[in-house]
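Coordinate inspection notes
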Amino acid sequence: MRTIITLTAAFAALHAGVTGQQRADVDFDARVSRPAFAMGGPSVLIDGGHHNFHTAAGRYKPFADLITNDGFRVASGQQPFTRQLLSKYRILVVSNALHRDSAGLREFSPPWVEAGGKPAFGDDECDVVQAWVERGGSLLLVADHRPFGAAAASLAGRFGVDMAKGYVFDTKNTDKDGNYRNVLLFSRDNGGLGDHPILSGREPAERVNRVMTFVGQSLTSAHGVQLLVLSPTAIDKADLRSSTPETSAHGRSQAIALKVGAGRVVVLAEAAMITAQGAGASRMGMNVEGNDNKQFALNVMRWLGGVLEPAR
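The paragraphs below set out a description of the structure included in this document. Not measured: the values here are computed from a predicted model. Every chain is numbered on its own, with residues counted from 1 as its sequence reads. Local features in this predicted model are restricted to residues whose pLDDT is 70 or higher, and side-chain atom pairs enter the listing and the counts only when it is 80 or higher, whereas totals over whole chains, interfaces and linings include all residues. Hydrogens and waters are ignored; side-chain quantities use all the structure's heavy atoms.

**Digging into unusual backbone geometry**
Residue Pro147 follows Arg146 across a cis peptide bond; omega there is 10°. Looking at where Pro147 falls in the secondary structure, it is placed in the loop between β4 (138–142) and α6 (148–157). Located in the positive-phi region is Asn96, a residue other than glycine, with phi close to 50°. Counting from the N terminus, the helices are the DSSP runs of H or I reaching at least four residues and the strands are the DSSP runs of E reaching at least two. If you trace the backbone, Asn96 turns up in the loop between β3 (91–95) and α4 (110–116). Taking relative accessible area as the criterion, Asn96 reaches 1% and is therefore assigned buried. When accessible area is computed with a 1.4 Å probe and restricted to protein chains, residues below 20% of their type maximum are described as buried, those above 50% as exposed, and intermediate ones as partly exposed.

**Focus: the pairing of strand β2 (residues 73–77)**
A regular strand places its side chains on the two faces of the sheet in alternate fashion. The criterion for strand pairing is that DSSP finds at least two bridges linking the strands in question. Direction of pairing for strand β1 (residues 43–47) relative to β2: parallel, over a ladder of 5 bridges. Within the sheet, the bridge partner assigned to Asp47 lies in β2 and is Gly77. Whether a crossover is right-handed comes down to one check: with the strands pointing away from the viewer, does the path from the first strand over the helix to the second run clockwise; if it does, it is right-handed. You can see the chain leave β1, run along helix α2 (residues 61–69) and come back into β2, and the turn it takes is right-handed.

**Things to note about empty space enclosed by the protein**
If a probe as big as a water molecule is rolled over the atoms, it shows which places are left empty. Every definition here rests on a 1 Å grid over the protein atoms only: cavities are sets of points where a 1.4 Å probe fits but cannot get out, pockets are open sets enclosed by protein on both sides within 12 Å along at least five of seven lines, and lining residues have some atom within 4 Å of a point. Grid points are joined across faces, edges and corners, and a volume is the space filled by probe spheres set on the points. Counted according to the given criterion, the structure contains 2 cavities of 30 Å³ or more. Size it by volume and the second largest cavity reaches roughly 60 Å³. The wall of the second largest cavity is formed by Asp170, Asn173, Leu184, Leu185, Phe186, Asn190, Gly191, Gly192, Val229, Leu230 and Ser231. A per-element tally of the lining of the second largest cavity places strand β7 (residues 184–187) first, with 3 residues.

**Re the pattern of salt bridges**
The salt bridge criterion pairs a side-chain nitrogen of Lys or Arg with a carboxyl oxygen of Asp or Glu, the two atoms within 4 Å. The final tally for this structure, using the stated rule, is 13 salt bridges. For the salt bridge of Arg252 with Asp236, the shortest nitrogen-to-oxygen distance reads 3.7 Å. Here Arg252, found in the loop between β12 (246–248) and β13 (253–260), pairs with Asp236, found in strand β11 (residues 235–237); they are 16 residues apart in sequence, far enough to count as distant. Among the ionic pairs, Arg241 bridges to Asp239, the shortest N-O distance being 2.8 Å. Of the residues examined, Arg241 reaches a relative accessible area of 55% and is grouped as exposed. Among the charged side chains, a salt-bridge network with shared partners connects Asp70, Arg202, Glu206 and Arg302.

**What to know about helix α8 (residues 293–304)**
To estimate the expected span of a helix, subtract one from its residue number and multiply by 1.5 Å. Over its 12 residues, α8 runs 17 Å from end to end, which matches the ideal 16 Å to within 8%, given 1.5 Å per residue. Of all the 12 residues making up α8, 11 are buried; the element is thus mostly covered by neighbouring parts of the structure. For α8, the set of buried residues is Asn293, Gln295, Phe296, Ala297, Leu298, Asn299, Val300, Met301, Arg302, Trp303 and Leu304. Two residues or fewer after α8 comes Gly306, characterised by a positive phi angle close to 90°.

**Notes on α6**
Quick reminder: α-helices carry 3.6 residues per turn. Residues three or four places apart thus point the same way. The buried fraction of α6 is high, at 7 of 10 residues. Within the span of α6, buried status applies to Phe148, Gly149, Ala151, Ala152, Ala153, Leu155 and Ala156. In the core, the buried residues of α6 are packed alongside α4, α5 (123–134), β4 and β5 (161–163). In what follows, a contact means two residues having at least one pair of non-hydrogen atoms within 4.5 Å.

**Some details on the side chain of Asn173**
Relative to the helices and strands, Asn173 resides in the loop between β6 (167–169) and β7. Side-chain atoms alone can form a polar contact between residues adjacent in sequence; in general such a contact is a pair of N or O atoms within 3.5 Å, and within protein one must be able to donate a hydrogen while the other accepts it. Only 2.9 Å separates the side chain of Asn173 from the side chain of Asp170, close enough to count as a polar contact. If near-sequence neighbours (up to four positions away) are discounted, Asn173 is found in contact with Val183, Leu184, Leu185, Asn190, Ser231 and Thr233.

**Here's the deal with the sheet that holds β6**
If you walk across this open sheet you meet the 3 strands as β6-β11-β12, and the pairing is antiparallel. Single-partner strands in this sheet number two, and they are β6 and β12. The average undirected angle you get between the axes of adjacent strands in this sheet is 35°. Where β6 meets β11, 3 bridges bridge the pair, whose relative direction is antiparallel. Considered in β11, the bridge of Tyr167 is made with Lys237. Helix axes are fitted only over the stretch in contact, all axes being lines through C-alpha atoms; the angle between N-to-C directions runs from 0 to 180 degrees.

**Description of the pairing of strand β14 (residues 263–268)**
Taking burial as the measure, the 6 residues of β14 include 6 buried ones, the bulk of the element. With burial as the criterion, each face of β14 is covered, one bearing Gly263, Val265 and Val267 and the other bearing Arg264, Val266 and Leu268. Bridge analysis of β4 against β14 gives 5 bridges, and the strand direction is parallel. Bridge pairing links Leu140 to Val266 in β14. Relative to β14, β13 is paired through 6 bridges, and the arrangement is antiparallel. Bridge assignment links Val260 to a residue of β14, and that residue is Gly263. Counted along the chain from β13 to the antiparallel partner β14, the turn is 2 residues long, and its residue Gly261 has a positive phi close to 60°.

Purely geometric numbers; function is a separate question.
This is how it looks when you write it as structure tokens:
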């Protein structure tokens, strides 16, 4: 019980101090020392048409700026997914989509959580995205803690990825010596990083050694490669009530990469890891000193774009 109360209080503090006022870090250094594409790189659509909590002009602006500087051609979309729309793009990025009933509600209020947890995509849109990936498109699907996992679960399921839909914690694998004791730390030292070109990069300087995530949920897949591997001490909770039982998240992940037909998919279980939000001690994501989240974000997109492990 003590552990549950501590975790609940920690997450509440995180929301009160950071998530309730999440803003992109305008001072984030989005420069890329050796861009993957000199010009005319892969076209990327960042979804903004599904009541997304993270958009290219909002909380994902640092991410959009970063990949633009890497040579990707980035656009923001407000439309439903159709075959005609996706035919114009090589990569689709969907982060924290929500059901339309969440619109206009106060963020993180109980009605917002309940409404947002309904499916964000209809079966027709899931059909379109699945077929597009199988024909050679690349999808980056990001779905954070409740309610985002439930909202994206139907689309993730098309690629064999199961979302826990709640919250994941690991009190032993955190940044114990810094300001981020309530987040998750994946490193070479603690065995939290898998084996994949995304984690190796093009050269030793692009090797990912340490990734920090900011709560989120957990994932599993029978066919994907685990990038961020949850430890034996990680736990899942369906919600933050102290009476809710905790279950082991050992063997699950917070990032998975898959090849699907002629296409590729990366699913992330936490959104802030590839953006830069807040300031000072309240930073979240690529702007936190001492982690490789910026390189991780670049490597994810480069793998989706065929730079790392080119398609045969």
